[in-house]
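Next come the chains, spelled out residue by residue.
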Amino acid sequence: MDWKVLLEQAPSGGMTYLGWLWSGLFWTLAVSLCAWVIAFSVGSVVGVARTVPLRVPRAIATAYVELFRNIPLLVQMFLWYFVMPEVVPKAWGDWLKQDMPNLLTLPFAAQFSLWEFTAAVLCLGLYTASRVAEQVRSGIQSLSVGQTNAGLAMGLTLPQVYRHVTLPMAYRIVIPPMTSEFLTIFKNSSTALTIGVLELTAQSRQISEYTFKTFEAFTAATLIYIVITMTVIFAMRALESRVAVPGYIAQGGGR
Amino acid sequence: MLEFDWGVIWKYREALWDGMLTSLQLFAIALAGGIFFGTLLALARLAPWKLVSVPAAGFVNLIRSIPFIMAIFWFYFLTPMIVSKFTGQQGEAVGPFTSAVVAFIMVESAYYSEIVRAGIQSIPRGQPAAAYALGLNYWQSMGQVVLPQAFRNMLPVMLTQAVILFQDTSLVYVVALKDFLGAASKAGQLTGRIVELYIFVAVVFFILCFLASHAVKRLQARLAVGR
């Protein structure tokens, strides 16, 4: 065991190996949180669309979920990063591949361009959206039809029913499964290393390659992942108890 | 826009087929191993002895809180080391496929143990109690009363997890093992036709996983009626 190796000067970036790990953590968080914004918003729209009494939006939403859930995330990553720039008009593809600014100028210097980051965020976001959509849908469908009907009977329009009756309940009910989707997005963000995003897993592998201290490098990254996991679980538990619906005993928690 | 040349897929059909066989092999071994060790882990977690349940819970939570790729890297690093320690042979004794298999079995057994645990906990307490009252011991009551019912309840979730596992086999790409995706990637590098090959991989995965997940849904509906 030689933990001091992490404090040695790394060959690039003007920082120690520990600095590489921080930089990796920064990019893991950046990719995951940006992707989560996409996943949550797109997923909510798709999830709602799967429950509306209109055939076309429902068919589109179902197709979306089937498409994104049945292709491995890694393959989707390659589709966004390698295939997409080739099948759009050439000028756009070239712009994506060549003219996106390099991220070297940002804090936590990274040796990849904004295009790698964007592709990773888009891919992870739209993939996770299909899973979020399923949670939103199951949350909405777990409510009794009576709630929607009562809302409609009171003269609310369908969008109003969703806004004031269905969704406020559904979102609170699905917090526990949503927590595990949120945890999964941090773990899945490591897939971005295959297209050159130097996130946490990539940095720990890079450290092991440079120093041959594989055990120390992997342990450090593993500990950081555990801290992320625990933080998310604590935060979501706090959120859950804050917004808990009176009268429901740990709804959805037993899943 | 570039011109598509789908002929490249036919040209590399053998490499792609070999890759698919590697993927399927990894999938089958990981599935069997994952369910077997996952069941043992679940039993260990539910055991009344702290000495057994705490380490099992620790292992499962540890594996579940790190990325799959990180776990693959870990076992890719650890497996040859541990094997050479026990057999006295040097690292060459363990190939990349074996390391990948160990990684997948370990990760999947953690995932499956959660499914099995939920399945066992869904069985009413009266069932094992009745089994004990009839004079069965722990293993008999588990093996003949609790687990058969639990497995029936869990079957849809286990199969859904199997579809996810099949998709996850593509992750061995990170240790340069030539699975289906790896074979396509290699052919793409040789010919410069990555676009066609990656689209082909996506389509094949989509068709297989789509059909499989729909079969699971139908099975789920049938089992639900049977209850």
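Rules used throughout
Residues numbered from 1 in each chain as written. Chains lettered and ligands numbered in written order. Predicted model: local features only at pLDDT ≥ 70, side-chain atom pairs only at ≥ 80, totals over all residues. Helix = DSSP H or I, 4+ residues; strand = E, 2+ residues; numbered from the N terminus. Buried ≥ 20, exposed ≤ 12 C-beta atoms within 10 Å, placed from the backbone. Contact = placed C-beta atoms within 7 Å. Nonpolar A, V, L, I, M, F, W, Y, C, P; charged D, E, K, R; others polar. Core = buried A, V, L, I, M, F, W, Y, C linked by C-beta atoms within 7 Å. pLDDT = per-residue confidence, 0-100. Expected span 1.5 Å × (residues − 1). Axes fitted to C-alpha atoms, helices over the stretch in contact; angles between N-to-C directions. Parallel < 35°, antiparallel > 145°, perpendicular 65-115°, else oblique. Left-handed = near helix turned anticlockwise from the far one by under 90°.

Can you explain the overall build of chain B? Please cite residues and give values.
Helix and strand content of chain B: nine helices and zero strands. Beginning at the N terminus, the succession of helices and strands in chain B can be written as α-α-α-α-α-α-α-α-α. With respect to the three principal axes, the spread of C-alpha positions in chain B is 70 × 55 × 25 Å. Burial statistics for chain B: of 227 residues in total, 39% are counted as buried. Here the contacts in chain B between residues at least 6 apart in sequence split such that 72% fall between residues at least 24 apart.

Run through the overall build of chain A, naming residues and quoting values.
Summing up its helical and strand segments, chain A has ten helices and zero strands in all. Residue burial in chain A is summarised as follows: out of 255 residues, 38% are buried. Residue pairs at least 24 apart in sequence account for 71% of intrachain contacts in chain A once pairs closer than 6 positions are excluded.

Before we move on, can you summarise the interface of chain A and chain B with the specific residues and values?
Each partner contributes residues to the interface: chain A has 28 residues there, and chain B has 28 residues. In terms of residue count, helix α3 (residues 73–87) of chain A provides more of the side of chain A that touches chain B than any other element does, eight residues in total. Counted by class, the side of chain A that touches chain B contains 15 nonpolar, eight polar and five charged residues.

A description of the nonpolar core should follow, citing residues and the corresponding values.
The biggest cluster of nonpolar side chains holds 119 residues, and the ones touching the most others in it are V197 of chain A together with A71, I72, A103, A184 and V201 of chain B. Counting residues per element, this core draws most heavily on helix α5 (residues 114–142) of chain A, which supplies 14 residues. Among residues more than four places away in sequence, those in contact with I72 of chain B are A100, A103, L171, V172, V174 and V175 of chain B.

How would you sum up the confidence of the model for chain B? Please name residues and give values.
Of the residues in chain B, 96% have a pLDDT of 70 or more, and the chain-wide mean is 90. Overall fold confidence for the complex sits at a pTM of 0.89, while the interface term, ipTM, reaches 0.88.

Pulling in residues and values, what's your account of α5 of chain A?
Here α5 of chain A spans 41 Å end to end across 29 residues, near enough to the 42 Å set by a 1.5 Å rise per residue. The element α5 of chain A is largely enclosed, with a buried count of 22 among its 29 residues.

Would you mind going over the packing of α3 of chain A against α5 of chain A in detail, with residue names and values included?
Residues and elements named next belong to chain A. The N-to-C vectors of α3 and α5 enclose an angle of 135°; their axes lie 9 Å apart at closest approach. The angle between the axes of α3 and α5 places the two elements in the oblique class. Considering the relative orientation of α3 and α5, their crossing is right-handed. Contact residues: L73, Q76, M77, W80 and Y81 in α3; A119, L122, C123 and Y127 in α5. Here the contact of α3 with α5 is composed, by residue class, of eight nonpolar, one polar and no charged.

Could you give me a rundown of the confidence of the model for chain A, with the residues and numbers involved?
All names here are of chain A. For chain A, the mean per-residue pLDDT works out to 88, and 93% of the residues sit at or above 70. Mean pLDDT per element in chain A: helix α4 (residues 90–99) is the minimum at 79, and helix α2 (residues 55–69) is the maximum at 95. Here residues 251–255 is a poorly scored stretch, pLDDT under 50, and it has nine contacts once near neighbours within four places are set aside; other chains count.

Residue-level account of the packing of α2 of chain A against α5 of chain A, with values.
Residues and elements named next belong to chain A. Packing of α2 against α5 leaves a shortest axis separation of 9 Å and a crossing angle of 125°. Our classification of the angle between α2 and α5 gives oblique. For the pair α2 and α5, the sense of crossing is left-handed. Contact residues: α2 offers A61, Y64, V65, F68 and R69, while α5 offers L126, Y127, S130, A133 and E134. Broken down by class, the residue content of the contact of α2 with α5 amounts to seven nonpolar, one polar and two charged.

Explain unusual backbone geometry to me, using residue names and the numbers behind them.
The residue F212 of chain A is not glycine, and still its phi comes out positive at about 60°. Following the sequence through the fold, F212 of chain A ends up in the loop between α9 (200–211) and α10 (214–242). Despite not being glycine, A176 of chain B shows a phi value in the positive range, around 60°. Of note, A176 of chain B is situated in the loop between α7 (138–168) and α8 (180–191). Residue classification places A176 of chain B among the exposed residues on the basis of 10 C-beta atoms within 10 Å.

Break down the environment of I140 of chain A for me, with residues and values.
All names here are of chain A. Among the structural elements, I140 can be located in helix α5. Once the C-alpha coordinates of I140 and A221 are considered, the two residues, 81 residues apart in sequence, prove to be 38 Å apart. Those residues in contact with I140 that lie beyond four places of it in its chain are T51, T166 and A170.

Tell me about the environment of F68 of chain B, residues and numbers included.
Along the chain, F68 of chain B turns up in helix α4 (residues 68–87). Sequence separation between F68 of chain B and L181 of chain B is 113 residues, and the spatial gap between their C-alpha atoms is 17 Å. Excluding residues that lie within four positions of it along the chain, F68 of chain B makes contacts with K187 of chain A together with V107, D168 and L171 of chain B.

Describe the environment of A63 of chain A, with residues and values.
Residues and elements named next belong to chain A. Within the secondary structure, A63 sits in helix α2. Residue A63 is classed as exposed on the basis of its C-beta count, with 11 C-beta atoms lying within 10 Å. Between the C-alpha atoms of A63 and S142, which are 79 residues apart in sequence, the distance is 22 Å.

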